[in-house]
Amino acid sequence: MALTGAGISVESGIPAFRGAQGMWEKYDPMEYATIGAFLKDPERVWAMLSEMVDVFSRAVPNPAHTCLADMEKMGVLRSVITQNVDGLHQAAGSRKVIEFHGNVEELVCLACFRRYPSRERIREGIPPKCECGKILKPNLVLFGEQIPWATQEEAEAEAKSCAALLVIGTSANVTPACDIPLISRRKGAVIIEINPEETFLTRTITDLHIKESASPAVSRLLEEIRDIPPPS
Ligand code: NAD
Ligand code: ZN
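A few points on the structure. Throughout, a residue's number is its position along its own chain's written sequence, starting from 1. Here chains are named by letter from A upward and ligands by number from 1 upward, in the order in which they appear as written. Restriction of local features to residues with pLDDT of at least 70 applies here, the model being predicted, together with a cutoff of 80 or more for giving and counting side-chain atom pairs; totals for whole chains, interfaces and linings are based on all residues. Hydrogens are left out, water is left out, and the side-chain values use all remaining heavy atoms of the structure.

Looking at the overall build of the protein chain
Note the following rule: Labels follow the DSSP assignment, with helices taken as runs of H or I lasting at least four residues and strands as runs of E lasting at least two, numbered in each case from the N terminus. The reference for a compact globule is 2.2 Å times residues^0.38; the radius of gyration itself is calculated from the C-alpha atoms. Relative accessibility thresholds used throughout: buried, under 20% of the residue-type maximum; exposed, over 50%; partly exposed, between the two (1.4 Å probe, protein chains only). Each accessible area is a Shrake-Rupley result for a 1.4 Å probe, and residues are judged covered by the shown protein chains and nothing else. For this count, His and the chain ends are skipped, Lys and Arg are scored as positive, and Asp and Glu as negative. By convention, charge coordinates are those of NZ in Lys, CZ in Arg, CG in Asp, or CD in Glu.
Looking only at helices and strands, the protein chain has 10 helices and nine strands in total. On C-alpha atoms alone, the protein chain measures out to a radius of gyration of 18 Å, which is about the 17 Å that the 2.2 N^0.38 rule sets for 232 residues. Counting the 232 residues in the protein chain, one finds 48% classified as buried. Surface accessibility of the protein chain: about 11,600 Å² in total, with carbon and sulfur atoms responsible for 52%. Averaging the locations of the 25 positively and 31 negatively charged side chains of the protein chain gives two centres separated by 3 Å.

Written as structure tokens, this is what we have:
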């Protein structure tokens with residue numbers, strides 16, 4: 001199984017939060033990407049969201065995404081749990097993707113709970129509005145919001161039953177996503193971390209740290225396992 005974070009999409013041109021570049025210098029996530037900020041001033045938060053949606057629309061999967069999709073097709077990777085909301089795993093061809101923090105494909109109304117495809121509403125203007133007049137929120141999990149119960153259950157079941165976990169491009173700072181490696185480890189899984197930097201997992205539960213960017217590391221891993229027959 002793989003757990004991915006913002007780092008896997010850096011080589012697709014989407015900046016991660018930590019070691020911030022680009023848009024996150026302008027918009028501090030702790031100030032903008034919180035449910036409190038959205039409830040207080042949704043128009044202000046949409047300045048950040050619209051820039052994010054724009055960056056996503058220009059991004060394409062990189063070799064780390066496509067190699068994970070290939071591993072799934074080979075039968076050696078069961079699923080990807082991603083903290084990302086950019087849709088690049090699906091764009092690369094991964095089928096079993098658990099979007100732990102949701103996505104920006106859909107908009108929801110916090111007043112009347114109507115849902116809309118983002119494209120349709122955003123075309124009509126930013127901030128996008130519900131038929132009831134309220135400003136819509138993308139169906140992603142902002143800081144301060146709960147992970148949907150079904151998503152949490154599904155992710156936990158995956159985490160508990162994998163033999164090995166690839167932890168790719170996450171600083172493992174955001175709860176409860178950062179508990180996933182701990183859950184897997186407790187059940188005896190081997191933890192393989194791919195990250196050019198160390199994280200708090202590296203010296204605690206990681207068995208193997210591949211201290212490299214996601215694309216070259218995942219590409220090489222795929223080459224190494226290509227000729228090994230899949231588990232029966
Ligand atoms: P993070 O920003 O906290 O950490 C990114 C990690 O990726 C760091 O540990 C960094 O060393 C590593 N990294 C940087 N470049 C890398 C590369 N080329 N290859 C491999 N690793 C690399 O990200 P997080 O842990 O995912 O937590 C931040 C939260 O914000 C998450 O929910 C995340 O998904 C979300 N976010 C999402 C996107 C996106 O959807 N692409 C972008 C920014 C933030
Ligand atoms: Zn509404």
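Text resumes after the structure shown.
Some details on the coordination of the zinc ion (ligand 2)
Inclusion rule: Only nitrogen, oxygen and sulfur atoms qualify as donors, provided they sit within 2.8 Å of the metal or within 3.2 Å for Na, K and Ca; with water excluded from the atoms, sites may seem incomplete. Here the metal geometry follows the donor angles, with tetrahedral for four donors whose angles all fall between 85 and 135 degrees, square planar for four and octahedral for six when opposite donors are more than 155 degrees apart and every other angle is between 65 and 115, and irregular for all the rest.
With distances of 2.3 Å, the protein atoms coordinating the zinc ion (ligand 2) are Cys-109 (SG), Cys-112 (SG), Cys-130 (SG) and Cys-132 (SG). One can describe the site at the zinc ion (ligand 2) as tetrahedral: its four donor atoms subtend angles covering 103 to 122 degrees at the metal. Along the chain, the residues donating to the zinc ion (ligand 2) fall in the pattern C-x2-C-x17-C-x1-C.

Notes on the side chain of His-65
The condition that has to hold: Polar contact is defined as a pair of N or O atoms within 3.5 Å, subject to the rule that within protein one atom must be able to donate a hydrogen and the other to accept it, and that residues adjacent in sequence are counted only when both atoms are side-chain atoms. Note on contacts: a residue pair is in contact if any heavy atoms of the two residues lie within 4.5 Å.
Within the fold, His-65 resides in helix α5 (residues 63–74). Polar contacts involving the side chain of His-65 include one to the side chain of Ser-9, which spans 3.4 Å. Each residue touching His-65, except ones within four places of it in the same chain, is listed here: Ile-8, Ser-9, Ser-12, Leu-88, His-89 and Ala-92.

Things to note about unusual backbone geometry
With omega at 0 degrees, the peptide bond leading from Ile-126 into Pro-127 counts as cis. Along the polypeptide, Pro-127 turns up in the loop between α7 (118–122) and β6 (137–140). The omega angle of the peptide bond from Thr-175 to Pro-176 is -5 degrees, so this bond is cis rather than trans. Looking at the secondary structure, you find Pro-176 in the loop between β7 (164–168) and α9 (179–186). Residues other than glycine seldom take positive phi values, yet Phe-113 does so here, at roughly 65 degrees. Position of Phe-113 relative to the elements: it lies in the loop between β4 (102–108) and β5 (115–117). When its relative accessible area of 65% is taken as the criterion, Phe-113 is described as exposed. The phi torsion at Ala-172 lies on the positive side, around 50 degrees, for a residue other than glycine. You can see Ala-172 is positioned in the loop between β7 and α9.

Quick notes on the packing of aromatic side chains
Inclusion rule: Only centres within 6.5 Å qualify two rings of Phe, Tyr or Trp (six-membered ring in Trp) as a pair; their planes then separate them into stacked at under 30 degrees, edge-to-face at over 60, and tilted for everything else. Remark: a charge is flagged as sitting over a ring if the NZ atom of Lys or the CZ atom of Arg is within 6 Å of the ring centre and within 35 degrees of the ring normal.
Applying the stated criterion to the full structure yields three aromatic pairs. Ring geometry for Phe-17 against Phe-143: centres 6.2 Å apart, planes inclined by 40 degrees, an arrangement best described as tilted. Taken together, the residues span a long stretch of sequence, with Phe-17 in the loop between β1 (2–4) and α1 (23–26) and Phe-143 in the loop between β6 and α8 (149–160) at a distance of 126 residues. Overall, the relative accessible area of 29% leaves Phe-17 in the partly exposed class. Ring-pair connections join several aromatic residues into one group, and the members of that group are Phe-17, Trp-24 and Phe-143. Positioned above the aromatic ring of Tyr-32 is the side chain of Arg-44, whose terminal nitrogen or guanidinium carbon lies 4.5 Å from the ring centre.

Overview of the sheet that holds β6
Selection rule: Strands qualify as paired when DSSP identifies two bridges or more between them. Between N-to-C directions, angles cover 0 to 180 degrees, with each direction set by a line fitted to C-alpha atoms, over the stretch in contact for helices.
Strand order in the open sheet formed by three strands is β5-β4-β6, and the pairing between neighbours is antiparallel. Here the strands that pair on one side only, and so sit at the sheet edges, are β5 and β6. In this sheet, neighbouring strand axes are inclined to one another by 50 degrees on average, regardless of whether the strands run parallel or antiparallel. Taken together, the three bridges between β4 and β6 define a ladder with antiparallel strand orientation. Residue Gly-102 lies in a different strand from β6, and its bridge partner there is Leu-140.

As for the pairing of β4
For β4, the tally of buried residues reaches five of seven residues, placing the bulk of the element in the interior. Sheet topology note: the β4/β5 ladder contains three bridges and is antiparallel. By the bridge assignment for β5, Val-108 is matched with Arg-115. Here β4 folds back onto β5, and the loop between the two strands holds six residues, one of which, Phe-113, carries a positive phi near 65 degrees.

Notes on the nonpolar core
Using the following cut-off: What we call a nonpolar core is a set of buried Ala, Val, Leu, Ile, Met, Phe, Trp, Tyr and Cys residues that are connected through their side-chain atoms within 4.5 Å.
Counting residues in hydrophobic clusters, the biggest one holds 28 residues, and the most contacted among them are Met-23, Phe-38, Met-48, Leu-49 and Met-52. Broken down by secondary-structure element, the contributors of at least two residues to this core are α1, α3 (35–40), α4 (42–58) and β4. When near neighbours in sequence (up to four residues on either side) are disregarded, Met-48 contacts Met-23, Trp-24, Tyr-27, Tyr-32 and Ala-33. Judged by nonpolar contacts, the second largest core, of 21 residues, contains Ala-155, Leu-165, Ile-180 and Ile-205.

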